[in-house]
Amino acid sequence: MSFALRRVMIRGVALSVGLALLLSPAWAAAETIGGGTIATPAVGPAPAYAVDGSGFVLVKNWNFGTSPSSTVTDMSIMNSHFQYHDQHGLDANPGYGASMVAPNAATAISGQPIEGVDTTSPVRAFFTDTLRTYLVPLNGATTLDPYLLNTGSGAFQPKWNLPGGGSRLGQDVLWETRVRYVTPRHFWFALWADGNNWNKGAEYDLIESFGYDNASIGGGNNYDGRYWHSSVVGGSSATNYHANWANGMTANGIPAYSSPVYNPAEWHVWTWLYRQDNTYAAFVDGVQVQSGTIHWTVGGGSTAPAVNMSFHFDGTWGSRKPETRNDFSIPASELAGKYYEWDYSRVYLRTEPVKDNTDSTGITLTAGTGAWVASSVTPGHIGTNYLHDNDTGKGTKSVQYTPTLSQDGTYNVYMQWTSGSGRATNVPVDIVKANGTTTTVTVNQTVDGGTWNLLGTYALSKRNASVTVRTTGTTGTVIADAVRFTPIASEVIVDNARLSNSDKTGTWVHSRSAPGFHGYDYAHDNNVGKGSTTARFTPNLPVAGTYNVYARWTADDTRSNNVPYRITYNAGTVLVYRNQQVNGGSWQLLGTYPFNAGTSGGVVISNGGTTGHVVADAVRFELVLP
Ligand SMILES: [Ca+2]
Ligand SMILES: [Ca+2]
Ligand SMILES: [Ca+2]
């Protein structure tokens, strides 16, 4: 354990050091799915189309197929990385005419059709290099009708999402998917993403297509899927596809999707680029088909809270939406030979640039007695060399790194050096924070060389952020090599809509009747089943540290005035009570506790010992910064 780690822990923010960044020059190893961050990248290929230059790091690599070169090779792996939940209440709030089918009871939510129980034909099947999903009749239906919800789909959604996705992440996002769809009449296909606050902004449809008969949109019937649109909701788009999909496609040089003869079995690669400056572009086979701007925030405002980015793979059927409505049904036999087929989907991130001693800008050397000396003798440095103080002029020398941050935000700050026995054990490193104050971290350069070492998590501003290596008080050689800044989301919100069956006991009733809830709705215990109804809110925290824990509810005289919240943090469990008759519609602090990174902590709301309705709406974890 380095001195840097002990020093940071003293400040009450336990942060791990030694995160190795994979900078492999050429990948030859087997592909991997990856951890979803630049610090935990995936192994796999670069984007198929260099739509916005280089520098993208593959962080999620879902490569479907049974071949050894794939990463999602069977339903067991599929189930561990994907869910099949109707998270936006589409069944309960009818708009679309098919239900996602769960592979088995363990992966199903309440009331959801289950493969092999409600179906007799395959819903999802793996091939050598792909996954096919199918539309299937449910419970033996022979005539399919969207109003009867008697059609099942193999649609799916990753359990992982991009925390604080989009511009607030401070990273460029590139999402690439290779897919084809051979579909029956009235299909609905969408490759899209939204925030964890659906209906409140932050949605884009990389591609969306409906198989319906409407001459005013899409140039007539679109039963074979040749027409589509690509646009954002809650932002601006350069091309108005909604007036006429065919005209929108023509405007972007793609008159018939696959020209000159439309072929539904042809593969296409869809790419979404979302830059940290809030601009975006969409591409099919490397050809740009849409562009515009969007803020990935609640309501789309530039200063509104950021929301996560969730990805959706919707190969489904039927629509009851007014703008696309057809009063229709089809014989189930029309589904024969139809499918959606998925080769891969990959997410890449491009982070802030590293500041290295060899950079031409943003590096300020101060030298009094003697000079900084460039060397490349010890391996494990960034760029062509590193600087050392030659163990002279102590206190008169410093190296200041001034990064070009795209925006103010919360950052993990890392430093790399080369280590050796002659190095200093007590190098002071100053980090200037957004509020103008400085935190000094002391690092031991005799160890942990050749890797990125986390100095801490800080609120930084693009106006004044800097990191300075000093030599004051040091004995032994001081190294100045490189620093890097990785933006992270400083809060995580877990909404009731995100809870799975295994997170809940008893019966929770969904409602939108009382105002002030977070997300799509809230849940309540209906004032029954006292002592048997619980809901567990488990955040995936980006970094270990101290967090303010808040809960939210809708208030009413009929609520309980002593709702128990059991908070599990890194050193145990604490029970607090809140009065839900008051303080509704805003975040109420439950307490401040240290948490480990990941999913080991959380909050359980229960109705034991309560009188009156107990509400479970959302829980928020806010990182307390030094
Ligand atoms: Ca594949
Ligand atoms: Ca260097
Ligand atoms: Ca809610």
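Residues numbered from 1 in each chain as written. Chains lettered and ligands numbered in written order. Predicted model: local features only at pLDDT ≥ 70, side-chain atom pairs only at ≥ 80, totals over all residues. Heavy atoms only, no water.

Per an unreviewed UniProt entry, the protein chain goes by Golvesin/Xly CBD-like domain-containing protein and derives from Cystobacter fuscus.

The predicted coordinates of low-pLDDT regions are not to be read in fine detail. The pLDDT averaged across the protein chain works out to 86; a share of 87% of its residues lies at or above 70. In the model, residues 1-28 has pLDDT below 50 throughout and makes 52 contacts with residues more than four positions away in sequence or in other chains. (pLDDT = per-residue confidence, 0-100. Contact = heavy atoms within 4.5 Å.)

At 2.2 to 2.9 Å from the calcium ion (ligand 2) lie its protein donor atoms, namely D356 (OD), D356 (OD), N357 (OD1), I382 (O), N385 (O) and D481 (OD). Bound by six donor atoms, the calcium ion (ligand 2) shows angles of 48 to 164° at the metal and therefore irregular coordination geometry. Sequence spacing of the donors to the calcium ion (ligand 2): D-N-x24-I-x2-N-x95-D. With D356 in strand β23 (residues 355-356) and D481 in the loop between β33 (479-480) and β34 (482-488), this residue pair connects regions lying 125 residues apart in the sequence. For the pair D356 and D481, one class covers both residues: buried. (Donors = N, O, S within 2.8 Å, 3.2 Å for Na, K, Ca; no water. Tetrahedral: all angles 85-135°; square planar, octahedral: opposite > 155°, others 65-115°. Helix = DSSP H or I, 4+ residues; strand = E, 2+ residues; numbered from the N terminus. Buried < 20%, exposed > 50% of the residue type's maximum accessible area, 1.4 Å probe, protein only.)

In this section: the sheet that holds strand β44 (residues 602-606). What the five strands build is an open sheet, ordered β36-β39-β44-β41-β42; its pairing is antiparallel. Of all the strands in the sheet, the pair left with one neighbour each is β36 (504-505) and β42 (572-578). In terms of strand pairing, strand β39 (residues 534-537) meets β44 through four bridges, oriented antiparallel. Bridge pairing in β44 links F537 to V603. (Pairing = 2+ DSSP bridges.)

What follows covers the sheet that holds strand β40 (residues 545-552). Within the open sheet, the four strands sit side by side as β35-β46-β40-β43. Their pairing is antiparallel. For this open sheet the edge positions go to β35 (491-495) and β43 (588-595), each flanked by a neighbour on one side alone. Between one strand axis and the next, the sheet turns by 20° as a mean value, whatever way the strands run. (Axes fitted to C-alpha atoms, helices over the stretch in contact; angles between N-to-C directions.)

Time to look at the side chain of T610. Position of T610 among the secondary structure elements: in the loop between β44 and β45 (615-616). The class of T610 is buried, set by a relative accessible area of 7%. Aside from chain neighbours lying at most four places away, what touches T610 is K530, S560, N562, V563 and P564.

With that settled, the discussion passes to the nonpolar core. Among soluble globular proteins, nonpolar side chains are generally buried collectively. In this structure, F64, W175, Y204, W228, F311 and W342 are the most contacted members of the largest nonpolar core, which totals 68 residues. Counting residues per element, this core draws most heavily on strand β11 (residues 187-194), at seven residues. With 32 residues, the next largest nonpolar core counts I488, F537, L590 and L623 among its residues. (Core = buried A, V, L, I, M, F, W, Y, C linked by side-chain atoms within 4.5 Å.)

The calcium ion (ligand 1) binds to the protein through N63 (OD1), F64 (O), D129 (O), D343 (O) and D343 (OD); the donor distances cover 2.3 to 2.6 Å. When the donor residues of the calcium ion (ligand 1) are listed from N- to C-terminus, their spacing reads N-F-x64-D-x213-D. With respect to class, N63 is no different from F64; both count as buried.

Before going further, it helps to examine the pairing of strand β46 (residues 618-623). Summarising burial for β46: five of the six residues are buried, a large majority. Strand direction decides the pairing type here: β35 and β46, joined by five bridges, are antiparallel. Following the sheet pairing, V494 is matched in β46 by V619.

Let's shift gears to the environment of T471. Here T471 shows up in the loop between β32 (466-470) and β33. Classification of T471 by relative accessible area gives buried; the value is 0%. Beyond its immediate stretch of four places on either side in the chain, T471 contacts W372, D389, G393, K394, G395, T396, K397 and V478. Within the structure, the side chain of T471 is placed 2.9 Å from the backbone nitrogen of G395, a separation counted as a polar contact. (Polar contact = N/O pair within 3.5 Å; in protein donor to acceptor, adjacent residues only side chain to side chain.)

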